[in-house]
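# Coordinates in review
If you want the building blocks of each chain, they are given just below.
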Amino acid sequence: MALMEEKLALLSTIERVFEDFILSRNRLACKPGCAVCCTRHLAGTTLEAYRLLQGLRTIGRQDLIDLLPEITASDIFRPRITTNGLAMACMTQHEPPEETPGTDDRPCPFLENNLCLVYDQRP
């Protein structure tokens, strides 16, 4: 198995464990048609972005891929620390930096009729 496929498989396993944990507590907030938190303010890893891009290609949505430069150029949330940096801060008991939200409050461009077009690949 190639390195990228191994990483994607590991990411899927992590997400499955987290989802099982949430479901075991009956606290799943996401339901089809609920898109309140589906904004352009999200953080994802490079691996998650890769999977999202592959998902857009799989469903043939080049139009959404073409929107990515515009989306990333807008005032969206940009974390001051990476996921690995946040993990390191937690492990070393250091306070992570304060975050500043962006001002672009438009809905996620991957929503259609309040449903996520790339739900299985979302960050």
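Residues numbered from 1 in each chain as written. Predicted model: local features only at pLDDT ≥ 70, side-chain atom pairs only at ≥ 80, totals over all residues. Heavy atoms only, no water.

Turning to the packing of helix H1 (residues 3-24) against helix H2 (residues 46-58), a few remarks are in order. Their axes nearest at 11 Å, the elements H1 and H2 cross at an angle of 100 degrees. Classified by the angle between their axes, H1 and H2 sit roughly perpendicular to one another. For the pair formed by H1 and H2, the contact residues are Met4, Lys7, Leu8, Leu11, Ser12 and Glu15 on the first element and Leu47, Glu48, Tyr50 and Arg51 on the second. Of the residues in the contact of H1 with H2, the class split is five nonpolar, one polar and four charged. (Axes fitted to C-alpha atoms, helices over the stretch in contact; angles between N-to-C directions. Helix = DSSP H or I, 4+ residues; strand = E, 2+ residues; numbered from the N terminus. Parallel < 35°, antiparallel > 145°, perpendicular 65-115°, else oblique. Contact = heavy atoms within 4.5 Å. Nonpolar A, V, L, I, M, F, W, Y, C, P; charged D, E, K, R; others polar.)

Predicted confidence across the protein gives a mean pLDDT of 84, with 97% of residues reaching 70 or more. Within the protein, H2 carries the highest mean pLDDT (89), whereas helix H3 (residues 62-73) carries the lowest (85). (pLDDT = per-residue confidence, 0-100.)

If you check the backbone angles, Gln93 has positive phi at about 55 degrees while not being a glycine. With respect to the helices and strands, the residue Gln93 is situated in the loop between helix H4 (83-91) and strand S1 (111-112). Phi at Asn113 is positive, roughly 55 degrees, even though this residue is not glycine. Relative to the helices and strands, Asn113 is located in the loop between S1 and strand S2 (115-116). Exposure remark for Asn113: the relative accessible area of 71% places this residue in the exposed category. (Buried < 20%, exposed > 50% of the residue type's maximum accessible area, 1.4 Å probe, protein only.)

Here we take up the side chain of Glu48. Here Glu48 lies in helix H2. Although buried, Glu48 forms no salt bridge, and the nearest oppositely charged side chain, Arg51, lies 4.7 Å from it. With residues up to four places along the chain from it excluded, the contact list for Glu48 reads Leu11, Glu15, Ala43, Gln121 and Pro123. (Lys, Arg positive; Asp, Glu negative; His and termini not counted. Salt bridge = Lys/Arg side-chain N within 4 Å of Asp/Glu carboxyl O.)

Over the atoms, a rolling probe the size of a water molecule traces out where space has been left empty. In this model, the largest pocket occupies a volume close to 1600 Å³. Contributing to the lining of the largest pocket are 49 residues, with Leu42, Ala43, Glu48, Arg122 and Pro123 lying nearest its centre. If you list the elements that add at least two residues to the lining of the largest pocket, you get H1, H2, H3 and S2. With eight residues, the single largest contributor to the lining of the largest pocket is H1. Taken together, the residues of the lining of the largest pocket sort by class into 31 nonpolar, eight polar and 10 charged. Around the second largest pocket, the lining comprises 13 residues; the ones closest to its centre are Ala43, Pro79, Ile81, Thr82 and Thr83. Secondary structure elements with two or more residues in the lining of the second largest pocket: H2 and H4. In terms of residue class, the lining of the second largest pocket is built from six nonpolar, five polar and two charged. (1 Å grid on protein atoms, 1.4 Å probe; cavity = no way out; pocket = protein on both sides within 12 Å on 5 of 7 lines; lining within 4 Å. Points joined across faces, edges and corners; volume = space filled by probe spheres on them.)

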